[in-house]
Number of protein chains: 2
Amino acid sequence: MRFRVRIEPDGKTALIGDEQTFFDGLTAANIKFRTDCGGKGTCGKCKVFIEGRCTELTSQERVLLPPPELGAGYRLACQVRPLSDCVVTLAPETRLSKRKIVIGGISTALDVSPSVSKVYVELTPPSIDDPEPDWERLKEGIKRQRRVERLDISPRALSKLPETLRAGDWKVTTAILHNDLVVATEPGNTTHRILGAAVDIGTSKIISYLVDLTNGEILRTSTLENPMMPWGEDIMSRITFCLESREKFDHLHNILTEGVSNCLHAVCQESGFPVSDIYEIVVVGNTAMHHFLLGIHPKHLALAPYVPAIRNHVDLNPAEVGLKINEHAGLHVPPVIAGFVGADATADLVAMGIDSSEEMTLGLDIGTNTEIFLGNREEITTCSCASGPAFEGYHIRHGMKAVSGAIERFWYDEAEHSWRFATIECEAPRGICGSGMIDIVAELFRRGLIDSSGRFRSGDREFLVSGSSSGEITLDQHDIREIQLAKAAIHAGCAILMKKKNLTENDIDKVLIAGAFGNYIDPENAKIIGLIPDLPSQKIRFLGNAAGTGAVMILLSSEARERATRIAEGTRYVELAAEREFQTEYLDSLHLPHRDRGRYPNVWNLVERSMKVGCG
Amino acid sequence: MRFRVRIEPDGKTALIGDEQTFFDGLTAANIKFRTDCGGKGTCGKCKVFIEGRCTELTSQERVLLPPPELGAGYRLACQVRPLSDCVVTLAPETRLSKRKIVIGGISTALDVSPSVSKVYVELTPPSIDDPEPDWERLKEGIKRQRRVERLDISPRALSKLPETLRAGDWKVTTAILHNDLVVATEPGNTTHRILGAAVDIGTSKIISYLVDLTNGEILRTSTLENPMMPWGEDIMSRITFCLESREKFDHLHNILTEGVSNCLHAVCQESGFPVSDIYEIVVVGNTAMHHFLLGIHPKHLALAPYVPAIRNHVDLNPAEVGLKINEHAGLHVPPVIAGFVGADATADLVAMGIDSSEEMTLGLDIGTNTEIFLGNREEITTCSCASGPAFEGYHIRHGMKAVSGAIERFWYDEAEHSWRFATIECEAPRGICGSGMIDIVAELFRRGLIDSSGRFRSGDREFLVSGSSSGEITLDQHDIREIQLAKAAIHAGCAILMKKKNLTENDIDKVLIAGAFGNYIDPENAKIIGLIPDLPSQKIRFLGNAAGTGAVMILLSSEARERATRIAEGTRYVELAAEREFQTEYLDSLHLPHRDRGRYPNVWNLVERSMKVGCG
Ligand code: FES
Ligand code: FES
């Protein structure tokens, strides 16, 4: 006999048989419960309120429901079956819904469902009459509380098991990775302590995030210079260095894993949490960093046809690649997309959400290599261009990274008739970071101090940005050339992708810009220099370090992890080197904003207005 | 529509639908094919001859079947469906049948189906138009040839993949463990080279077997002294040593893994095969050795209620326990039965085949600890008794292991009226091994030189076994006492198990004796001293090192591996320490052959006859 059950607050209706619990019936109807035991009647978390006739209170319900809730008529869905048509209301805390989480400026709704979870069990000690071995005893205990298909224990956890069980007087907490492998056991109940870490290995810096896996909170972020910098600011020099011998590769591999370990230790030390509280680490990086980390020689990334060793994600033990960190933690390296589009790009896409958006989106992650994405839920196309490290401060005389003291904003104050700037953390100016460079070049062009080819009109060789007691900060002709080269590569990439998809500027609903070159880019100025296409500013958003945000999302959510796999498999890669039009587009893009004025109508309008006003 | 298909040479009949291939239909009817591709139409190995109407020749059949077989009307079962009732005959080489294999004196029918297998693939090189990453490309290639559900690659194999693929010009062989993990790739076709190793860690020695996994042949055996001997001949002293500190345990763990590594390197060196040809290693040993190897402190094995850390088998990477051997090899440690009945006992049972026999069998593996098994396919009961290392030559003045120069047989030559002995490899006598001790004590008792209590009747203190230029070899009163203690413990264990099952000597169909104390035990003499019950000699068989044999079987056959799991889970353990009758039985068993003459009627008959004859 099947009854009609209305589910509140959804208003859905499900048919539930009289032999079926509400838990099973509702789960089949795709209503998800936030429980620990998965319907075994041990966690007490599947609380519902039922109107209608149903089976009697069970002993588990009497034990697990607190008296006030019992009194109020709450039931446990996994303990009760319907005896008539009913209306069932899920307790709010029972409902598995997405949480709103803010990571690095991106606010996102996320199911907090990390790959590692903890289970606390109380076991009966063994005796001569019950000599079940330790592991089998523990497994039984876990299975009483948790639905698991198969369950193994890591050799390392096994080697400590007898001591832990006895130290905890047979009351222990186990950390389970991927719901099938016990990686650690701890005496007593430690279920509230479960951290994870996400790491973004950039070409020039490594950023680590310490995350509370129980609620998704980011506890701390740390940044370290990538220790491979002395072997080249760009990836090609590092790969070239390794071509000489296997030892050189091994050396750089060790340098990198040490850097990642240090960055993880730093974030723990600064936050006061022990490293041993970390149970999973997600590491993203471009394909070269990905290969260096995994101990794969990256030489074939630099040789046509530029194929990576693996696309798929890799799950392994940190020790297998020489990471000196928690031996019980899992290491997850998300999938890469193509030879020059790495796991950091996959993480970008997870954070940008292009794969689940209706809107036609242009996404950029600007760095030494810039990844460009164009698409929506239907299809995403990507390419990578060598934009160079200018926006990160390299090759620019007074360039610097986006850290304290960097000039990050620059503008002409028309009321005061003077140039103004702002530095990060309001410190005395020490140099110019990426966003500051964009502002300066845009203002110089807009005010007519440099022409469309980037040349100083006056014949000057440099522009004084700040003259203070600590010295002068300038931007010279060479610096402007470097910025033009960088922005031209990026714009040409965008243009090729748009052509590939037969799209014009008008078809683009949204532009998302990520990168580590400042806290904020002025969208107007980005357009004025021609870094991005000429689109209304309200369509442009700046995301900060999207790769780091995506890595945190992959750490926190199984859904995000699955999205990463689909993204890496489904994204279409365009090899710019094989595109005949790229060179032309690149040369045209060297101009400010572009050789073809028709492509930047709004920018030219604005520039012409500003030029009339001049700059005092 | 379903057709009736008679299968020859079995004579079975199966119903096969017209939508089903013969391969699927026959597999469903439990007829197993020996194929590489599992029904994908790429290996050409599922050859059958069909009488009756069926679907037409496919292009695969034209390619894969050699012309003479095509001409003779052979078909590939995975390519053809029935169109009428048929008779199908499997080509003999197609039939997956068991092979007869002889291991350490045991001849057994075994399906050679190791956990590791090799697949050779030829891949299309990548190009700009086909930039599929290396691993995905390889996986595709493997999946074209082999039915695999999921397939991963080990981090180590991945790190070498790009080089190997290119070194082999995209023609490579992959070694796959457990049908789901690629552990190695090698340039070219190396499918014929695939070795495995089995290791038996005994308390006093480590034996390694090098096995050709393509055909089950044992290529070489090596024996090394267990390097833990200096820390105690018996297990308890070694555990006690470790109680003092974690460092001491770690030290012994390292000593042992080094010993196992050495033994593996030795067997390879002696046979001339490179260690890198080994893809899987199966290691058995008693529970203490099992724990030492896996890095688990064995202290709780020595404390009531004597529970091991794990019963289940453990699959891991040798490096995880510090074994210095092939990193690409898998390490399989079979399950243990109870605190004192280890993975070596599981291997004993696999070799003895008690779990699949109708006959009520008494099995013994005699060593420093002796494991005793009693049962048949219905149920097996086991116990372990501390019999001491006397039979292995320890605590016996002129005792020695069963190696070259050991007196292994001893008898009274009635025609010549003199004592005679034989040594291993006919070398000059250097001492007495276990089987020799049994012979000497039995002959002394039978000829009336010692009485039932083991005392020399003449008041002598020793018996001269051999007096030669290289010195005298004797057996003295103390030695005889040691042998009595050992045999009493073993006999008492047998007696308790028989009582537990309500069996008498007459109910026992077979006695199987294993152990490393000689190449052969005289069954009469074993009965005369009361080591085993008084049963007709034709019921008694000596197996040699059954644990090693079982380990080789587990290495070679998935069926044996599954049996090991069922054996470990199903065998009933009797804790002798908890048996009140054990002490009485032990004291009674100290006598030769036993205090209760009624238990040894045949022995007493014989002894009385011999005594009359005397010894000249
Ligand atoms: S789901 Fe855990 S008690 Fe019902
Ligand atoms: S099973 Fe391989 S060809 Fe038929």
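The present account deals with the structure reproduced in this document. None of these values were measured; they are calculated from a predicted model.

**Some points on the sheet that holds strand S11 (residues 181-187) of chain B**
Residue and element names in this part refer to chain B.
Item 1. The 4 strands are arranged S8-S10-S11-S9 in an open sheet whose pairing can be described as mixed. What marks the edges here is a single partner per strand, and that holds for strand S8 (116-122) and strand S9 (152-153).
Item 2. Contacts between helix H4 (residues 134-145) and the sheet are confined to S8, S9, strand S10 (171-177) and S11, with S8 contributing the most and set at about 105° to the helix.
Item 3. Helix H5 (residues 155-167) contacts S9, S10 and S11 of the sheet and is inclined by roughly 25° relative to S11.

**Things to note about the packing of helix H6 (residues 235-243) of chain A against helix H8 (residues 287-294) of chain A**
Residues and elements named next belong to chain A.
Item 1. One way to put it is that H6 packs onto H8 with a least axis distance of 10 Å and a crossing angle of 35°. Handedness of the H6/H8 crossing: left-handed. Here H6 contributes Ile 235, Arg 238, Ile 239 and Cys 242 to the contact with H8, which in turn contributes Ala 288, Met 289 and Phe 292.
Item 2. The residue makeup of the contact of H6 with H8, split by class, is 6 nonpolar, no polar and 1 charged.

**Some points on unusual backbone geometry**
Residue and element names in this part refer to chain A.
Item 1. The linkage connecting Ala 304 with the following residue, Pro 305, adopts the cis geometry, with an omega of 0°.
Item 2. Structurally, Pro 305 is set in the loop between H8 and strand S16 (314-316).
Item 3. Cis geometry marks the peptide bond from Leu 592 to Pro 593, where omega comes out at -15°.
Item 4. Inspection of the secondary structure puts Pro 593 in the loop between helix H15 (582-589) and helix H16 (601-613).

**Considering the relation of the copies chain A and chain B**
Item 1. Of the transformation superimposing chain A on chain B, the axial component is 0.0 Å and the angular component is 180°, with the fit at an RMSD of 0.4 Å. Such a combination of turn and shift is consistent with a two-fold rotation axis. It is Glu 320 of chain A whose C-alpha, among those of chain A, lies nearest the rotation axis, at 4.9 Å.
Item 2. Comparing contact sets, 100% of the residues at the interface of chain A also lie at the interface in chain B, consistent with an isologous, same-surface contact.

**Notes on the interface of chain A and chain B**
Item 1. Counting from both sides, the interface comprises 36 residues of chain A and, opposite them, 36 residues of chain B.
Item 2. Carbon and sulfur atoms supply 65% of the area buried between chain A and chain B, which totals about 3100 Å² over both sides.
Item 3. Note that Glu 163 of chain B is salt-bridged to Lys 299 of chain A, the shortest N-O span being 3.7 Å.
Item 4. Along the contact surface separating chain A from chain B lie 14 residue pairs in polar contact (both at pLDDT 80 or more).
Item 5. When residues of the side of chain A that touches chain B are traced back to their parent elements, those giving at least two are helix H4 (134-145), helix H5 (155-167) and S16 of chain A.
Item 6. The biggest single contributor to the side of chain A that touches chain B is H5 of chain A, with 7 residues.
Item 7. Residue composition of the side of chain A that touches chain B, grouped by class: 21 nonpolar, 5 polar and 10 charged.

About the criteria used
- Residues numbered from 1 in each chain as written.
- Chains lettered and ligands numbered in written order.
- Predicted model: local features only at pLDDT ≥ 70, side-chain atom pairs only at ≥ 80, totals over all residues.
- Heavy atoms only, no water.
- Pairing = 2+ DSSP bridges.
- Helix = DSSP H or I, 4+ residues; strand = E, 2+ residues; numbered from the N terminus.
- Contact = heavy atoms within 4.5 Å.
- Axes fitted to C-alpha atoms, helices over the stretch in contact; angles between N-to-C directions.
- Left-handed = near helix turned anticlockwise from the far one by under 90°.
- Nonpolar A, V, L, I, M, F, W, Y, C, P; charged D, E, K, R; others polar.
- Least-squares fit on C-alpha atoms with pLDDT ≥ 70 in both.
- Buried area = accessible area lost by both parts, 1.4 Å probe.
- Salt bridge = Lys/Arg side-chain N within 4 Å of Asp/Glu carboxyl O.
- Polar contact = N/O pair within 3.5 Å; in protein donor to acceptor, adjacent residues only side chain to side chain.

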